[in-house]
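Below, each chain spelled out in residue letters.
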Amino acid sequence: MLKNERAIDSQTLLNSGSAMKKVIPMTVMLLTSLVVAIPVGAEPNATDLQQLRMTKVCPRCNLNGADLSGIDLQGAVLTDANLIGANLSGANLSTADLKGADMTGANFQMANLSAANLNAANLSTANLLGSVLLEANLNAADLSKANFYGADLRRANFQGANLNEVNLFGADVEGARGLRP
């Protein structure tokens, strides 16, 4: 009997060995796909940062994660720019053109975005706590899960915007267009 038990154990080991040969390539493929999925350009481009600071004109710039807190970007042109996770707290972006910019998760706490063009911009999960967006154009913008707590949104245009789970608590929305009751 002992001989048969050893034979079964050997067979089990052989079977588990072939199973391992199948699992290892699958694991390698999975890990490779995860590495490939990591976004390229996770830091701001130094040349783009310098151009923005000198000219305030930087369309399609990579400013991913940039610290632009308190900066004066009044009238800046940042169309289609990458501002994912950028810190723009306290920044002056009044009359800035941010059309089509990706600002997912960006921090605009206490920023001035009065009369800014945010048409078709992505502000999902952005923090706009206490910010001023007086007469801002948010037409067709993705504002899902954005935080507008205490923001000044008077006469802002929200027509066609994605307002899924947006926080408007304490915000002044007098005269705002496109907000559904």
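This structure is a prediction, so every number in the text was calculated from the model and none was measured.

### So, the overall build of the protein
Move 1: In terms of regular secondary structure, the protein is built from 2 helices and 0 strands.
Move 2: Relative to its 181 residues, the protein shows a buried fraction of 33%.
Move 3: When contacts within the protein are restricted to residue pairs at least 6 apart in sequence, those whose partners lie at least 24 apart make up 0%.
Move 4: Carbon and sulfur atoms make up 57% of the accessible area of the protein, which amounts to about 10,200 Å² in all.

### Observations regarding the side chain of Asn147
Move 1: Position of Asn147 among the secondary structure elements: in the segment after helix H2 (46-55).
Move 2: Side-chain polar atoms of Asn147 contact the backbone nitrogen of Tyr149, separated by 3.0 Å.
Move 3: Discounting chain neighbours no more than four positions away, the residues touching Asn147 are Ala126, Asn127, Leu128, Leu129 and Asn167.

### Concerning the pattern of salt bridges
Move 1: Taken as a whole and judged by the stated rule, the model has 4 salt bridges.
Move 2: Linking Arg154 and Asp152 is a salt bridge whose minimum nitrogen-to-oxygen distance equals 2.8 Å.
Move 3: The exposure class assigned to Arg154 is partly exposed, which follows from its relative accessible area of 27%.
Move 4: Look at Asp152 and you get buried, because its relative accessible area is 15%.
Move 5: In this structure, the salt-bridge partner of Arg154 is Asp172, at a minimum N-O distance of 3.7 Å.

### Some details on the nonpolar core
Move 1: Core analysis: the biggest nonpolar cluster contains 46 residues, and Leu83, Met103, Phe108 and Leu143 have the highest contact counts within it.
Move 2: In this structure Leu143 touches Leu123, Ser124, Leu138, Phe148, Phe158, Ala161, Asn162, Leu163, Asn164 and Val166, once residues within four positions along its chain are discounted.

### Re the state of the cysteines
Move 1: For the coordinates displayed, the defined rule picks out 1 disulfide.
Move 2: Put simply, Cys58 and Cys61 are joined by a disulfide, and their sulfur atoms are 1.5 Å apart. Between Cys58 and Cys61, the disulfide has an S-S torsion of -80° and is therefore left-handed. Assigned by exposure class, Cys58 and Cys61 land together as buried.

### A closer look at H2
Move 1: Asp48, Leu49 and Leu52 are the residues of H2 that are buried. The arc that holds every buried residue of H2, seen down its axis, measures 100°, which confines them to one face. Pointing more than 90 degrees away from the buried face of H2 are the exposed residues Ala46, Thr47 and Met54.
Move 2: With a side-chain oxygen positioned 2.8 Å from the backbone nitrogen of Thr47, the residue opening H2 is Asn45.

### Let's talk about the confidence of the model for the protein
Move 1: Counting all residues, the mean pLDDT for the protein is 84, and 76% of those residues have values of 70 or more.
Move 2: Confidence drops under pLDDT 50 across residues 1-16; counting only partners more than four residues distant or on other chains, this segment forms 0 contacts.
Move 3: Low confidence marks residues 18-41, where pLDDT is under 50. Its contacts with residues over four positions away, or in another chain, come to 3 contacts.

### Notes on unusual backbone geometry
What you tend to see is this: most non-glycine residues have negative phi, and most peptide bonds are trans.
Move 1: With phi around 55°, Asp80 is a residue other than glycine that occupies positive phi space.
Move 2: Assignment of secondary structure puts Asp80 in the segment after H2.
Move 3: Asp80 sits in the partly exposed class, given a relative accessible area of 44%.
Move 4: One non-glycine residue, Thr125, lies in the positive phi region at around 60°.
Move 5: Tracing the sequence through the fold places Thr125 in the segment after H2.

### Let's talk about the environment of Arg177
Move 1: Mapped onto the elements of the fold, Arg177 is located in the segment after H2.
Move 2: Residue Arg177 is classed as partly exposed on the basis of its relative accessible area, which comes to 42%.
Move 3: Considering only alpha carbons, one finds Arg177 and Arg154, 23 residues apart in sequence, at a separation of 9.1 Å.
Move 4: Aside from chain neighbours lying at most four places away, what touches Arg177 is Arg155, Ala156, Asn157, Phe158 and Gln159.

Thresholds, definitions, all that
- Residues numbered from 1 in each chain as written.
- Predicted model: local features only at pLDDT ≥ 70, side-chain atom pairs only at ≥ 80, totals over all residues.
- Heavy atoms only, no water.
- Helix = DSSP H or I, 4+ residues; strand = E, 2+ residues; numbered from the N terminus.
- Buried < 20%, exposed > 50% of the residue type's maximum accessible area, 1.4 Å probe, protein only.
- Contact = heavy atoms within 4.5 Å.
- Areas by Shrake-Rupley, 256 points an atom, 1.4 Å probe, with all protein chains shown as cover.
- Polar contact = N/O pair within 3.5 Å; in protein donor to acceptor, adjacent residues only side chain to side chain.
- Salt bridge = Lys/Arg side-chain N within 4 Å of Asp/Glu carboxyl O.
- Core = buried A, V, L, I, M, F, W, Y, C linked by side-chain atoms within 4.5 Å.
- Disulfide = S-S within 2.5 Å.
- Arc of directions from axis to C-beta.
- pLDDT = per-residue confidence, 0-100.

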